[in-house]
Number of protein chains: 2
Amino acid sequence: MQDFALDDRLANDSVSVAVTGLCDVRLMKDRRWPWLVLIPRRPGISEIFELTPLDQVLLTFETNKVGAALKTVTGATKINIGALGNIVRQLHVHVIARFEGDANWPGPIWGYGKAEPYADADMNSFIAKLRDTLSQ
Amino acid sequence: MQDFALDDRLANDSVSVAVTGLCDVRLMKDRRWPWLVLIPRRPGISEIFELTPLDQVLLTFETNKVGAALKTVTGATKINIGALGNIVRQLHVHVIARFEGDANWPGPIWGYGKAEPYADADMNSFIAKLRDTLSQ
């Protein structure tokens with residue numbers, strides 16, 4: 001059986017926040033939007049419907065837990081959820097906090113402009129808040 | 001209890017393909033991409049995590065059934081799935097068939113350019129194929 005290995009580009013563009021039953025939950029290194037990604041730890045999967053039904057349910061519950069936590073922590077106007085994978089084919093689900101007037105609002109965030117890095121202290125305190133809310 | 005009513009903009013921009021256990025499944029009137037939308041028939045919901053756990057599971061299975069059918073019918077390179085709702089707040093999940101070189105590939109489709117209507121015959125035959133595949 002093939003082992004799971006996180007895609008290099010995802011690994012590079014994000015940092016670990018939590019490991020859930022199915023997924024690695026990671027924060028994108030882009031302070032323009034509070035932006036998390038869930039990557040199911042299953043090798044060779046690029047579409048959600050390729051997961052087993054049980055894994056589909058786990059992914060749904062974990063995505064929704066992360067989405068609700070992100071809304072609580074940020075007070076977002078709207079949570080955006082998406083699984084595109086046109087560039088990186090390893091299955092990953094984006095969960096993004098959106099606010100009226102944020103970069104490219106009300107359009108999508110993918111492919112828009114260039115990532116703006118967090119200051120380390122800001123990133124660390126945001127991750128701490130997320131972990132705290134996710135563990136409740 | 002509030003009744004469910006389909007958002008006017010969604011109703012206007014799409015035509016009915018099927019009614020599943022939870023959702024209205026509709027085809028967007030835009031031939032640039034094979035593009036379906038699932039709308040859970042629940043009033044007052046704008047985030048997936050506001051649905052009951054059972055409805056979340058139904059939505060997942062129905063979305064994945066639609067995604068797999070769309071891949072079968074179109075031979076798409078990649079299925080894109082998204083729930084944004086920055087403009088239309090009634091919860092709706094997009095399922096889009098993407099191909100290398102299609103409009104805005106590999107970027108997202110939302111907010112890109114203007115819808116191009118189908119010829120009636122093309123739309124009807126596409127809907128017939130989708131219904132046939134969804135019923136298998």
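Residues numbered from 1 in each chain as written. Chains lettered and ligands numbered in written order. Predicted model: local features only at pLDDT ≥ 70, side-chain atom pairs only at ≥ 80, totals over all residues.

A.B. asks: Quick question: what am I supposed to make of the interface of chain B and chain A here?
C.D. replies: A common way to report how large an interface is uses the accessible area buried once the components associate. Each partner contributes residues to the interface: chain B has 26 residues there, and chain A has 26 residues. Within the residue set of the side of chain B that touches chain A, elements represented by two or more residues are α2 (53–74) and β4 (78–83) of chain B. Of the residues that constitute the side of chain B that touches chain A, the class distribution is 13 nonpolar, 10 polar and 3 charged. Bridging between strand β4 (residues 78–83) of chain A and β4(B) involves 3 bridges; their strand directions are antiparallel. Bridging from a neighbouring strand, Ile81(A) pairs with Ala83(B) of β4(B). (Contact = placed C-beta atoms within 7 Å. Helix = DSSP H or I, 4+ residues; strand = E, 2+ residues; numbered from the N terminus. Nonpolar A, V, L, I, M, F, W, Y, C, P; charged D, E, K, R; others polar. Pairing = 2+ DSSP bridges.)

A.B. asks: Quick question: what am I supposed to make of the nonpolar core here?
C.D. replies: The tendency in soluble globular proteins is for nonpolar side chains to be buried side by side. Judged by nonpolar contacts, the single largest core of 62 residues is most densely connected at Leu36(A), Leu38(A), Val95(A), Leu36(B), Leu38(B) and Val95(B). The residues contacting Val95(A), other than those within four sequence positions of it, are Leu36(A), Leu38(A), Thr63(A), Val66(A), Gly67(A), Leu70(A), Ile79(A) and Ile81(A). (Core = buried A, V, L, I, M, F, W, Y, C linked by C-beta atoms within 7 Å. Buried ≥ 20, exposed ≤ 12 C-beta atoms within 10 Å, placed from the backbone.)

A.B. asks: Looking at this model, I keep getting lost on the UniProt feature "domain: HIT" (unreviewed entry) in chain A. Mind explaining?
C.D. replies: With numbering aligned to this structure, UniProt lists the feature "domain: HIT" (unreviewed entry) at residues 36–105 of chain A. Note that residues 36–105 of chain A is 31% helix and 24% strand, and that its end C-alpha atoms are spaced 18 Å apart. (UniProt positions renumbered as here; feature names shortened; annotations may be inferred.)

A.B. asks: Before we go on, may I ask you to explain the relation of the copies chain B and chain A in this structure?
C.D. replies: Here the second copy of the chain follows from the first by a rotation about an axis and a shift along it. Overlaying chain B with chain A gives an RMSD of 0.0 Å, the required rotation being 180 degrees about an axis along which the chain moves by 0.0 Å. Interpreted geometrically, this transformation is the action of a two-fold axis. Relative to the rotation axis, the closest C-alpha in chain B is found at Gly82(B), a distance of 2.0 Å. Same-surface contact between copies: 100% of interface residues of chain B are shared with the interface of chain A. (Least-squares fit on C-alpha atoms with pLDDT ≥ 70 in both.)

A.B. asks: Help me out: how do you make sense of the sheet that holds strand β3 (residues 35–40) of chain B in this one?
C.D. replies: Backbone hydrogen bonds are what pair the strands of a sheet, in a parallel or an antiparallel way. Read from one edge to the other, the open sheet built from 10 strands follows the order β1(A)-β2(A)-β3(A)-β5(A)-β4(A)-β4(B)-β5(B)-β3(B)-β2(B)-β1(B), with strand pairing classed as antiparallel. Looking along the sheet, the strands with just one partner apiece sit at the ends: β1 (14–19) of chain A together with β1 (14–19) of chain B. Strand after strand, the sheet turns through a mean of 25 degrees between neighbouring axes, direction not considered. Most of the contacts of helix α2 (residues 53–74) of chain A go to strand β5 (residues 93–98) of chain A, to which it runs at about 20 degrees, and overall it touches β2 (23–28), β3 (35–40), β4 and β5 of chain A. (Axes fitted to C-alpha atoms, helices over the stretch in contact; angles between N-to-C directions.)

A.B. asks: Honestly, the pairing of β1(A) in this entry has me stumped. Any pointers?
C.D. replies: Within a regular strand, side chains alternate between the sheet's two faces. Residues and elements named next belong to chain A. Of the pairings in the sheet, the one linking β1 to β2 comprises 5 bridges and is antiparallel in character. Its bridge partner being in β2, Ala-18 is matched across the sheet by Val-25. Linking β1 back to β2 in an antiparallel pair, the connection comprises 3 residues.

A.B. asks: Which parts of the structure should I look at to understand the packing of α2(A) against α2(B)?
C.D. replies: A pair of packed helices is characterised by two quantities: the angle between their axes and the separation of those axes. Close contact between α2(A) and α2(B) brings their axes to 10 Å; oriented N to C, the two are set at 120 degrees. What the angle tells us is that α2(A) and α2(B) run oblique. The element α2(A) and its partner α2(B) pack so that their crossing is right-handed. Contact residues: α2(A) offers Gln56(A), Val57(A), Thr60(A) and Asn64(A), while α2(B) offers Gln56(B), Val57(B), Thr60(B) and Asn64(B). Broken down by class, the residue content of the contact of α2(A) with α2(B) amounts to 2 nonpolar, 6 polar and no charged. (Parallel < 35°, antiparallel > 145°, perpendicular 65-115°, else oblique. Left-handed = near helix turned anticlockwise from the far one by under 90°.)

A.B. asks: How do you make sense of unusual backbone geometry when you look at a structure like this?
C.D. replies: Apart from glycine, the bulk of residues carry a negative phi angle, and the bulk of peptide bonds sit in the trans form. Residues and elements named next belong to chain A. That bond from Trp-105 to Pro-106 is cis: its omega, -5 degrees, falls within 30 degrees of zero. Here Pro-106 shows up in the loop between β5 and α3 (120–134). Of note, Asn-104 is a non-glycine position whose phi angle comes to about 70 degrees, a positive value.

A.B. asks: Got a minute to help me understand the packing of α2(B) against helix α3 (residues 120–134) of chain B in this structure?
C.D. replies: Residue and element names in this part refer to chain B. With their axes 9 Å apart at the nearest point, α2 and α3 run at an angle of 125 degrees to one another. When the axes of α2 and α3 are compared, the pair comes out oblique. Remark: the crossing between α2 and α3 carries right-handed chirality. Together, Lys-65, Ala-69, Thr-72 and Val-73 of α2 and Lys-129, Leu-130, Thr-133 and Leu-134 of α3 make up the contact between the two elements.

A.B. asks: Explanation requested: the environment of Ala119(B) in the structure shown.
C.D. replies: Tracing the sequence through the fold places Ala119(B) in the loop between β5 (93–98) and α3. Along the backbone, Ala119(B) and Arg31(B) are 88 residues apart, and their C-alpha atoms lie at a distance of 8.7 Å.

A.B. asks: In this structure, what is going on with the confidence of the model for chain A? I would like to understand it.
C.D. replies: Parts of the model with low pLDDT should not have their predicted coordinates read in detail. For chain A, the average pLDDT comes to 97, and 99% of its residues sit at 70 or higher. Two summary scores accompany this predicted model of the complex, namely pTM at 0.97 and ipTM at 0.97. (pLDDT = per-residue confidence, 0-100.)

A.B. asks: Is there a simple way to explain the pairing of β4(A) in this structure?
C.D. replies: All names here are of chain A. With 6 of 6 residues buried, β4 is to be regarded as a mostly interior element. Neither face of β4 is left uncovered, since the one carrying Lys-78, Asn-80 and Gly-82 and the one carrying Ile-79, Ile-81 and Ala-83 both have all their residues buried. Note that β4 and β5 share 5 bridges and pair antiparallel. Directly across from Lys-78, in β5, lies its bridge partner Arg-98.

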